[in-house]
Structure formats: C-alpha cells, structure tokens
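Summary of structural features
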Amino acid sequence: MIDELLRYQEADGRLRAVEQGIASTEERKKYVTARKFLEKAPEKLDALDARAAEFKRAFERLEKKYAEIADTIKDYENLDEMVDEQGGEISFYKKSASQISDSLRALKAEINRLVSQIESASAEYQAAKKQTIAMQKQYKEYKVRYAEIKEAHADEIKKLEDELAVLAKDVPKDTLAKYTAKRKEKLFPVVCEVSSNRCPQCGMELSIAEQAKLSDGTFIECDSCRRILFKRK
C-alpha cells in the first residue's frame, strides 16, 4: 500500500509544481492584488463618504453657531447706549463681551481645524478613487493574462489529474481521504519515511511507542508537523 501511496504523492508533487509555477507568475500576483483591492474598495469609499458627510454636518453646525455668536457681538457695539438704558456697571458688559469674543475665537479655531480635516478627507477620497480606477484597469488586463497562462498549462494539468485519478484507485479510500485532508493544509510532502527515528521534515524525535507502531507497519502522524510517517520493514 505504501508504494501505491508514494506513487500517488509523486504525481501529486508534479501537479503541485505546475500549480505553484502558475501561482508565482507576475500575471497572477497582479490579478490577485487588484481583485482583493476591488473587493474592499466599495467599503473603503463608503466609509470615506460617510466621514465626509459627518464633517459637513459638523461644519454646518459650527458655522451656524459662529453666526449666532457674531450676531450677539453686534449687540455690544452700542455698549454706551445699553448702559444708559438699562443701568449697571459698564465693566459687567465689557466682561460679557470679552467672554463672547473669546468663545468666538475658539469656535473659529475649531472651524479651521475641521476645514483642515475636511480637506484631508477629500484628498484621501480622491486618492482612493484614483487608485480604484487604476486597479479596475489592472484587474481587467491581468485577468485576461492570467487566464491565458492557465490555458497554456491546461493540458498538462489535465494529464496529471487523470494520472492521479488512476493512481487513486490503488490507494485505500480512508488513506487517500487522510492524505487529501493533509494536502489541503498546504503540507508537502504529506507522506514521509522515518529516518533515524525522527521525522525527516521537522526533525521531531519519535517516542518508543510510536517507533513500535512503525515497526508493525502502521502509519503514524508526526506530533509536530502533522505529516503521515511510515517505516519500511
């Protein structure tokens, strides 16, 4: 059984090499980069839109408040008349006018900060929009190029897949299922022959109990790298 499984793994290794060759191409890398960017782009642009709308509302509130305070300041332009008509100390009115003026300056500074934030958000939005357009172009271009590369290797991949289908018939279903599960975990090689009572891939030393199982012809799983281990009798 072990020889059949190793033959299957050898053919699987050749298929893996072809797949890795395709995956490492510049065409695929640029295609995947653009695709991932575009998947997240709408969410980012929506967030920037919402942020801009929030800034706008805040600016309108501050602008309204600024106008209200400015109107109040005008009431103090005829300070002498207010004192004559209502009586009281002029120092009180001057103090009130000074406090309102301070509030006005603080509010103006806050508006200026908000304007700066709005301008920054606007620049960020424009940059994101420009990048999105560029990525849309890259996606369309490299999707075609990547498809061409896959098509160029389609016959080779089909041949290897057919070979694997034939070899799979000689491997017990439960063993093949375990192999396939390990393969999905990105392990390769999946099956290894033990050398000097250690896993040949990660170097983990096997326990006496594990060595005994191997001596009986039983497969074991490495506690460290999770590969399937065997030992020929």
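Structure report, in brief. None of the values given here were measured: they were computed from a predicted structure.

**Focus: the environment of lysine 56**
Mapped onto the secondary structure, lysine 56 falls in helix α2 (residues 26-74). Lysine 56 sits 59 residues away from valine 115 along the chain, and the two C-alpha atoms are 9.2 Å apart.

**So, the packing of helix α1 (residues 2-23) against helix α6 (residues 173-184)**
Put simply, α1 and α6 touch, their axes get as near as 12 Å, and they point 25° apart. Taken together, α1 and α6 sit at an angle that is classed as roughly parallel. Helix-helix and strand crossings are classified by hand; for α1 and α6 the assignment is right-handed. Here Leu5, Tyr8, Gln9, Asp12, Arg16 and Glu19 of α1 lie close against α6, whose contacting residues are Thr175, Leu176, Tyr179 and Arg183.

**Things to note about the sheet that holds strand β1 (residues 191-193)**
What the three strands build is an open sheet, ordered β1-β3-β2; its pairing is mixed. Edge positions in the open sheet fall to β1 and β2 (220-221), since each of these has one partner strand only. Relative to strand β3 (residues 228-230), β1 runs parallel, the two sharing three bridges. Residue pairing across strands places cysteine 192 opposite leucine 229, the latter belonging to β3.

**Structural notes on the pattern of salt bridges**
Counting across every chain of the model gives twelve salt bridges. Where glutamate 221 meets arginine 226, a salt bridge forms, and the shortest distance between an N and an O atom there is 2.5 Å. Three or more residues are tied together by salt bridges with common partners; here these are Glu10, Arg14 and Glu163.

**Comments concerning the packing of α1 against helix α5 (residues 154-168)**
As a packed pair, α1 and α5 sit with axes 9 Å apart at the nearest point and diverge in direction by 160°. With respect to their mutual orientation, α1 and α5 come out roughly antiparallel. In terms of crossing hand, the pair formed by α1 and α5 is left-handed. Along the contact surface, α1 presents Arg7, Tyr8, Ala11, Asp12, Arg14, Leu15, Val18 and Ile22, while α5 presents Glu156, Ile157, Leu160, Glu161, Glu163, Leu164, Leu167 and Ala168. Taken together, the residues of the contact of α1 with α5 sort by class into ten nonpolar, no polar and six charged.

**Things to note about the nonpolar core**
Counting 25 residues, the largest nonpolar core has Tyr8, Ile22, Tyr179 and Val191 as its most contacted members. Among the secondary structure elements, those contributing two or more residues to this core are α1, α2, α4 (90-152), α5, α6 and β3. At seven residues, the largest contribution of residues to this core is made by α1. In this structure, tyrosine 8 is in contact with Leu164, Leu167, Ala168, Val171, Leu176 and Tyr179, ignoring residues within four places of it in sequence. Listed in part, the ten residues of the second largest apolar core include Leu62, Ile69, Leu107 and Ala121.

Cut-offs applied
- Residues numbered from 1 in each chain as written.
- Predicted model: local features only at pLDDT ≥ 70, side-chain atom pairs only at ≥ 80, totals over all residues.
- Heavy atoms only, no water.
- Helix = DSSP H or I, 4+ residues; strand = E, 2+ residues; numbered from the N terminus.
- Axes fitted to C-alpha atoms, helices over the stretch in contact; angles between N-to-C directions.
- Parallel < 35°, antiparallel > 145°, perpendicular 65-115°, else oblique.
- Left-handed = near helix turned anticlockwise from the far one by under 90°.
- Contact = heavy atoms within 4.5 Å.
- Pairing = 2+ DSSP bridges.
- Salt bridge = Lys/Arg side-chain N within 4 Å of Asp/Glu carboxyl O.
- Nonpolar A, V, L, I, M, F, W, Y, C, P; charged D, E, K, R; others polar.
- Core = buried A, V, L, I, M, F, W, Y, C linked by side-chain atoms within 4.5 Å.
- Buried < 20%, exposed > 50% of the residue type's maximum accessible area, 1.4 Å probe, protein only.

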